[in-house]
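# Inside the fold
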Amino acid sequence: MRPGSTLTHLDTSGAANMVDVTDKPATDRTARAEGQIVMRPETLALIREGDAKKGDVIGTARLAGIMAAKRTHELIPLCHPLLLSNVRVECEPDDALPGLRIAAEVRVQGPTGVEMEALTAVSVACLTVYDMVKAVDRGMRIEGIRLTAKDGGRSGAYRAPAE
C-alpha cells in the first residue's frame, strides 16, 4: 500500500462497503491486463487449425472476455456497474509457452477505474479456452494474470514492471 493510504472498501468499523463515487468527476480511464494459458503443443495446434469440437476457440474466448468485462459488477461484490466505452481482448498463440497469451484493454469515461474489468476479461477468456479444449488437455495452466497498466483517475498512471 502507498504510505498514508487506506483500504477504500472498508468503513470506519472495518465492514465491507461500496465506495461512494458520487462526487468524483468523470474522467477518461483505461486499464490493461494480461495472462496466459499454457497447454500441450498438440492442443495449441488443434486451436490454430480450428479443429476443436466446440468450435472457434480464439473467437469464443475473445467474445467471452468482452462479455465478462461488461458484467464485472455482477461477479465482484463491491464493483460499480460501469458504462464501458470500449473493451478489446486479444488472444495470441505462442509456440514458446506453448499456449495462448491473452490481453485486454478496457476504457470508460467515469468516476471509477476499470482495472477489475480488464482483469475479469482476461480471466474469463482464459477459462473459456480451458473449457473449450479440456477434453483433450486437462493439464492446461492459467498463469500470470495481472494488471499491466492503468491511466486516469486521482491515482494517475501505473505501469507494471516488466517480468
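In short, a report on the structure. (Residues numbered from 1 in each chain as written. Predicted model: local features only at pLDDT ≥ 70, side-chain atom pairs only at ≥ 80, totals over all residues. Heavy atoms only, no water.)

Before going further, it helps to spend a moment on the layout of surface pockets. Of the pockets and cavities examined, the second largest pocket occupies roughly 170 Å³. Together, Glu34, Gly35, Gln36, Glu90, Glu92, Arg101, Ile102, Ala103, Glu143, Gly144 and Glu163 line the second largest pocket. Those elements that provide at least two residues to the lining of the second largest pocket are strand E1 (27–38), strand E2 (86–94), strand E3 (99–110) and strand E4 (141–151). Each residue belonging to the lining of the second largest pocket can be placed in one class, and the counts come to 2 nonpolar, 3 polar and 6 charged. (1 Å grid on protein atoms, 1.4 Å probe; cavity = no way out; pocket = protein on both sides within 12 Å on 5 of 7 lines; lining within 4 Å. Points joined across faces, edges and corners; volume = space filled by probe spheres on them. Helix = DSSP H or I, 4+ residues; strand = E, 2+ residues; numbered from the N terminus. Nonpolar A, V, L, I, M, F, W, Y, C, P; charged D, E, K, R; others polar.)

In this fold, Ala149 is placed in strand E4. Distance in space between the C-alpha atoms of Ala149 and Arg159 is 4.5 Å, their sequence separation being 10 residues. For Ala149, the contacting residues outside a window of four places in its chain are Thr30, Ala31, Arg32, Tyr158 and Arg159. (Contact = heavy atoms within 4.5 Å.)

By size, the foremost hydrophobic cluster in this structure holds 33 residues, and its most contacted members are Met39, Ile47, Leu84, Val89, Leu100, Ile102 and Val129. Mapped by element, the contributors of at least two residues to this core are E1, helix H1 (41–49), helix H2 (57–70), E2, E3 and helix H4 (115–133). Residues contacting Val129, with those up to four places away along its chain left out, are Ile37, Met39, Ile47, Val57, Ala61, Leu100, Ile102 and Met140. (Core = buried A, V, L, I, M, F, W, Y, C linked by side-chain atoms within 4.5 Å. Buried < 20%, exposed > 50% of the residue type's maximum accessible area, 1.4 Å probe, protein only.)

Our next topic: the pairing of E3. Summarising the sheet, E1 and E3 pair through 12 bridges and their orientation is antiparallel. If you follow Gly35 over to E3, its bridge partner there is Ile102. In the sheet, E2 pairs with E3 via 9 bridges, with the strands oriented antiparallel. Looking across to E3, one finds that Asn86 is bridged to Arg107. (Pairing = 2+ DSSP bridges.)

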